[in-house]
Amino acid sequence: MAQQHAVPRLSAASPFAAPGGTLVLLVTGSPGALVRIVTSPQAAEQNLGAAGIQFYKVGTQTTVANGSIPASGSFSATLSIPANAALGGIVYAQALSQLGGQSLLSNGLAYRVQAAPPSGARKTSAIAVTPDGTRAYVADKLSGVITVLNAVNDTKLADLPITAAVGTTPHRPIRIAVDPEGRHAFIANTTASTLSVIHTATGSVAAQIPVPRGSRGIGFDFRNGVRRIYVANETQGAVLVFKEAPLGVFTAQPAIPLRSAAPGPLLVLPDGKLAVGARTDNVVEILDPAAPAGATTVAVTAISGAPHELAWSGSDILIPTFVVFSQARVPGFNRVLRMDPATYQVTGYLLDNIGTDYRSIAVRPTTLPGQPLIAVNGSGTGTTLIVDGNTGTTLANLVLSTSYPDATPQDLGIVNNPGTRLPSKLYVVDLFRETVRPILLTGSPLYKLRPEIPLAWSGQVRVPGTGVLSAADEGEWMFRNVVALGGTATAPNSVTCNSCHMDGASDNSSLHVVEAPGLQSLQAGRKPSGHGTMAKAVNPSADVPVGVPIQVPAPWGAVETAPFFWDGSVPTIQRLVAGAQALHNHTGQPPPSGATTALLNFLTGHLPPASIYLNQDGSMTADQQAGKTLFEGSARCTQCHAGSTFIPPAGSPLTITDGIGTTLVPANVPSLRGAWATAPYLSQGQAKTLMDVLTMNPNDAHGQAAAPLTDAERKQLVAYLKTL
């Protein structure tokens, strides 16, 4: 009887290999089969029919091992890694076995070259689950690695490197989504110039699609036999479009331009239109991909807060956000907004301040049997909220850690039962604990918490407050938690530091206000201390509205750029933090001992991120170089933005007494580091873009400096400013 030829399986002792070291590859399959292992620097997907799927680009492969599978069923080969192998490089391997005239391909295997195996923090932040409920994919903010989970039995299967380690970039650098057919998982990495694609059935990297840096939200339209993938891209100010045809081959289509700036989440509506959330404008922009060029924007709807995510409830577009209230000293509201898909207007909301910092949402569709459910993470309260999708009633407010307040949920996904295809549990990803927490949606009792799945390099749960985290990470955990401002899970403060400085950056809103109580108080010169310094009118004889808009700055590199606040009235970082804690504590309860010190530890090491407008290797383009010459020369920008911190040089006043494009004086001169991520600009957010800063007011210092420049030179100057 002829021996059955089993599909081979390729694995490695580790997905990481050191230059000059070795990597052991293992092929399991049918004894007696001839086996060949190849490696390639380029991933690709080509279906070879009965032989299986090839996961490397033809013509780029190198054979690294030959042999036959012994009686044990396992063939091993030791691969030597060149001493000059580029750190961070990804290599793709695959095995081919032959038996009885039949050839079969293994899964594809990716490994990354690096000096040592990764350790320390990963900060797990995003998740996607296959529609059949068998696999889940978790992305983290730091390592460029995707963790694959068995979603049936809640176990970790593998770590899959997809890019070089990416470092920290604001506003969640990695998003992940599985297509409606469950064949591929797509990973958008803001700092990388590729869109990574994983073949879910085999766990293989199937493609690295070239894209401009700055990719964020992902959506799919697989209707009518056409497969389109949409990706919101910040550096292009557009939605990138790819068509999958044939299967596994992704071809770029014309991009769809956006009117709004800094796009993030993307949702494909049932009729094929796109909803894109933009944080700089605090809007949701609706696009019609089928409309003629120049007419693709259908609506732009203001939502009074940054759109953290977008979801479809079966009848509404749902938008988790922090609504910035336009009156002085009012803390604002954590809400999930309801948007009518016919009028694109906000018609109501859910979960009014039941938790804090609604960063993510998942919906059990109303088209399925049973009660429709909406699940939302309260990142700042360490809670997951479950809502009746029909009535809006809160069904559960689940505290995710028995040792509260040490949970920081970042993302969640619905896991279907593989047999029924009906939702059976939630997966909740925790940023600092580096775990996935299953929550049961069926059985008795409902909404039972299951044991966490640890994803950390150590294999252990990383519990904040126990000494496992670094001092800076302990501070960031406090920065993201209501306890730093006197709140708890069940009596939450309505804000955290992270509410207005998202991911240690800025929410990019000019809707925040400072107190300006009117003519009498202004003339009296009343100035509250600390973070809550009062706005001062340019013309004290004129009445001032109660709320004066103020742009929220990013706190990165703050320890080097004193004084603080829009008017420079706060002299030290210590006073800034203490003032913020006093001003934004709306519970009246004291924060825990050590909270202030922890926040200072975070801010001390919180550095500006590398710009996504630079080339992938960190170099500048020719236009950016030319802009640097202008910045340091004829544009005279260094008179106010000098040195490595880009603030006034030594001996210069740190505030401008006559204002700079603002009605508030004196104007504190901000650092330009990370300016690419902090629009709108000027102290009241009057300038939507960096070009607006140069051109909107010919009479202020910026307009005067830009006046002698040509249009081309202004564009070069802006190109350089986006690199800082």
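## Points about unusual backbone geometry
Ala562 connects to Pro563 through a cis peptide bond whose omega is 5°. Looking at the element boundaries, Pro563 is found in the loop between β40 (547–550) and α4 (573–583). Cis geometry is adopted by the peptide bond preceding Pro680, which originates at Ala679 and carries an omega value of 0°. For Pro680, the position within the fold is in the loop between β42 (667–668) and α7 (690–695). Phi is positive for Leu351, which is not a glycine, with a value near 55°. As for its position among the elements, Leu351 is in the loop between β30 (346–350) and β31 (358–364). One non-glycine residue with positive phi stands out, namely Tyr447, at about 60°. Here Tyr447 is to be found in the loop between β37 (435–440) and β38 (453–454).

## Considerations on the environment of Ile81
Topologically, Ile81 is positioned in the loop between β8 (74–80) and β9 (90–99). For Ile81, a relative accessible area of 6% puts it in the buried group. In this structure the C-alpha to C-alpha distance between Ile81 and Gly20, which are 61 residues apart in sequence, comes to 5.2 Å. The contact partners of Ile81, leaving out residues within four places of it in the chain, are Ala17, Ala18, Pro19, Gly20, Gly21, Thr22, Leu23, Tyr111 and Val113.

## Details of the sheet that holds strand β25 (residues 283–287)
Strands sit in the order β23-β24-β25-β26 across an open sheet of four strands; the sheet is antiparallel. Here the strands that pair on one side only, and so sit at the sheet edges, are β23 (263–268) and β26 (297–302). The average angle at which neighbouring strand axes cross in this sheet is 20°, direction not considered. Note that β25 and β26 share five bridges and pair antiparallel. The residue of β26 that forms the bridge with Glu285 is Val300.

What counts, and where the lines are drawn
- Residues numbered from 1 in each chain as written.
- Predicted model: local features only at pLDDT ≥ 70, side-chain atom pairs only at ≥ 80, totals over all residues.
- Heavy atoms only, no water.
- Helix = DSSP H or I, 4+ residues; strand = E, 2+ residues; numbered from the N terminus.
- Buried < 20%, exposed > 50% of the residue type's maximum accessible area, 1.4 Å probe, protein only.
- Contact = heavy atoms within 4.5 Å.
- Pairing = 2+ DSSP bridges.
- Axes fitted to C-alpha atoms, helices over the stretch in contact; angles between N-to-C directions.

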